[in-house]
Amino acid sequence: MKNRGERRRLRWYIKMLTVFARMSLQSQLEYRLNFLAFTSVELGYMIIKLLYLAVVVNAGVNIGPLTPDMVMIFVGTYIFMTGVWMLLSGINDIPLKVFYGEMDMLLTKPGSLQFLQTFGRFNFGLAFPNMAAGIVLMIVGWVRAGIPVNFLQVAGFIFYLCMGMLMTYSFILIPTLFIFWTASLGGLGSIISATWDFNNMPMLMYNKVIRAIGTYVLPVFLLTNWAGMFILHQLSVLEAVWGIIVPIGLLILSRHLWKRAFRRYQSAGG
């Protein structure tokens, strides 16, 4: 009975995800000029990102053991994860809702409040250009680099890509939760964005000290590097295991912090 109830609950959450996605897309398409404007601006940023990659590919210079075609996989993963970040616009809404006490409506609804808030709205206009370009770059880089395509390679790549998505969720949620303790996040958002941009090129371009810090102290490199490192056989056993422990650990931490943070929430009615 318990397993049946858990399966029913899981199906409900999956159904609600599809409902939220459909409603978000419909609401954005109601104002098509705004949707096209957001998409066009993001395409402009995308061109700038791709110019950096074009310089690397045209120069034909290897970065450590990575050829320019292999670098394309890492840059594609970074761009794809940037799209995932932009997709989760429900997390970006948290500061304003906390400040104005506008989470009251969610308190009356069934299901996890964290789920309803963080997945209740998606920004497809900003996310789509990044996610689409990222997927194309990953596939093109894989083919051009001549990396074997087999079940283990594809499954491992997708697995660490999912771990990166899981970590992206926690990476942007945990700093946002500090709004429950402070009146403003201040420059914290800028620091997080700057830290994120360390992934715009493969971690192998940095020296050993920076790689160690970015892997074990502030594990920002796990966000976008592990999928590419796996298919290139650049992961040690420790790193492979670490790439699983950290995303799951951060997800548990984000859940714990959410529960503690929401105890401090004050609704619009006090």
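Criteria and thresholds
Residues numbered from 1 in each chain as written. Predicted model: local features only at pLDDT ≥ 70, side-chain atom pairs only at ≥ 80, totals over all residues. Heavy atoms only, no water. Helix = DSSP H or I, 4+ residues; strand = E, 2+ residues; numbered from the N terminus. Rg over C-alpha atoms; globule rule 2.2 N^0.38 Å. Buried < 20%, exposed > 50% of the residue type's maximum accessible area, 1.4 Å probe, protein only. Contact = heavy atoms within 4.5 Å. Areas by Shrake-Rupley, 256 points an atom, 1.4 Å probe, with all protein chains shown as cover. Lys, Arg positive; Asp, Glu negative; His and termini not counted. Charge placed at Lys NZ, Arg CZ, Asp CG, Glu CD. 1 Å grid on protein atoms, 1.4 Å probe; cavity = no way out; pocket = protein on both sides within 12 Å on 5 of 7 lines; lining within 4 Å. Points joined across faces, edges and corners; volume = space filled by probe spheres on them. Axes fitted to C-alpha atoms, helices over the stretch in contact; angles between N-to-C directions. Parallel < 35°, antiparallel > 145°, perpendicular 65-115°, else oblique. Left-handed = near helix turned anticlockwise from the far one by under 90°. Nonpolar A, V, L, I, M, F, W, Y, C, P; charged D, E, K, R; others polar. Phe/Tyr/Trp six-rings, centres within 6.5 Å; stacked < 30°, edge-to-face > 60°. Salt bridge = Lys/Arg side-chain N within 4 Å of Asp/Glu carboxyl O.

S.K.: If you had to explain the overall build of the chain to someone new, which residues and values would you point to?
M.R.: A count of helical and extended segments in the chain gives 13 helices and zero strands. In sequence order, the secondary structure elements of the chain are arranged as α-α-α-α-α-α-α-α-α-α-α-α-α. In terms of overall dimensions, the chain is globule-like: its C-alpha atoms have a radius of gyration of 20 Å, near the 18 Å expected for 270 residues. Across its three principal directions, the C-alpha atoms of the chain cover 60 × 45 × 40 Å. In the chain, which comprises 270 residues, the share counted as buried stands at 44%. For the chain, long-range pairs separated by at least 24 residues make up 78% of all intrachain contacts whose partners lie at least 6 apart in sequence. When the accessible surface of the chain is split by element, carbon and sulfur atoms take 69% of a total near 14800 Å². The averaged location of the 9 negative side-chain charges in the chain is 11 Å from the averaged location of its 21 positive side-chain charges.

S.K.: Let's hear about the side chain of Asn 123: which residues, and what values?
M.R.: Along the chain, Asn 123 falls in the loop between helix 7 (113-118) and helix 8 (124-144). Overall, Asn 123 belongs to the buried group, its relative accessible area being 13%. Ignoring any residue separated from it by four or fewer positions in sequence, one finds Asn 123 in contact with Gln 28, Met 86, Leu 87 and Ser 89.

S.K.: Describe the layout of surface pockets, and please don't skip the residues or the numbers.
M.R.: Taken as a whole, the largest pocket encloses approximately 570 Å³ of empty space. Looking at the largest pocket, it is lined by 22 residues, and the ones nearest its centre are Lys 49, Tyr 78, Thr 82, Met 86 and Asp 197. Contributing elements (two or more residues each) for the lining of the largest pocket: helix 2 (32-59), helix 3 (68-87), helix 4 (89-92) and helix 10 (188-196).

S.K.: Quick rundown of the packing of helix 3 against helix 8? Include the residues and the values.
M.R.: The N-to-C vectors of helix 3 and helix 8 enclose an angle of 160°; their axes lie 7 Å apart at closest approach. Classified by the angle between their axes, helix 3 and helix 8 sit roughly antiparallel to one another. Like other packed secondary-structure pairs, helix 3 and helix 8 cross with a definite hand, here left-handed. Of the residues in the contact of helix 3 with helix 8, the class split is 17 nonpolar, seven polar and two charged.

S.K.: So, the packing of aromatic side chains: which residues are in play, and what are the values?
M.R.: One pass over the full model with this rule turns up 17 aromatic pairs. With a centroid separation of 4.7 Å and an interplanar angle of 75°, the aromatic rings of Tyr 13 and Phe 115 are classed as edge-to-face. Within this pair, whereas Tyr 13 is found in helix 1 (residues 2-29), its partner Phe 115 is found in helix 7, the two being separated by 102 residues in sequence. The same class applies to Tyr 13 as to Phe 115, namely buried. Arranged with centres 5.5 Å apart and planes meeting at 45°, the rings of Phe 115 and Phe 119 form a pair that is tilted. Residue Phe 115 is classed as buried on the basis of its relative accessible area, which comes to 11%.

S.K.: Tell me about the packing of helix 9 (residues 151-176) against helix 10, and name the residues and values.
M.R.: Interhelical geometry of helix 9 versus helix 10 gives an angle of 160° and a closest axis separation of 10 Å. Considered as vectors, helix 9 and helix 10 are oriented roughly antiparallel to each other. For the pair helix 9 and helix 10, the crossing hand works out as right-handed. Contact with helix 9, carried on its side by Thr 168, Phe 171 and Pro 175, involves Leu 188, Ile 192, Thr 195 and Trp 196 of helix 10 and no other residues of that element. Tallied by class, residues from the contact of helix 9 with helix 10 come to five nonpolar, two polar and no charged.

S.K.: I'd like to hear about the pattern of salt bridges, residue by residue, with values.
M.R.: This model, assessed by the stated rule, comprises two salt bridges. Note that Asp 69 is salt-bridged to Arg 144, the shortest N-O span being 3.0 Å. Residue Asp 69 is located in helix 3, and its partner Arg 144 is located in helix 8; the two are separated by 75 residues in the primary sequence. Among the ionic pairs, Asp 93 bridges to Arg 121, the shortest N-O distance being 2.9 Å. One end of the pair, Asp 93, is in the loop between helix 4 and helix 5 (94-100); the other, Arg 121, is in the loop between helix 7 and helix 8, and 28 residues separate them in sequence.

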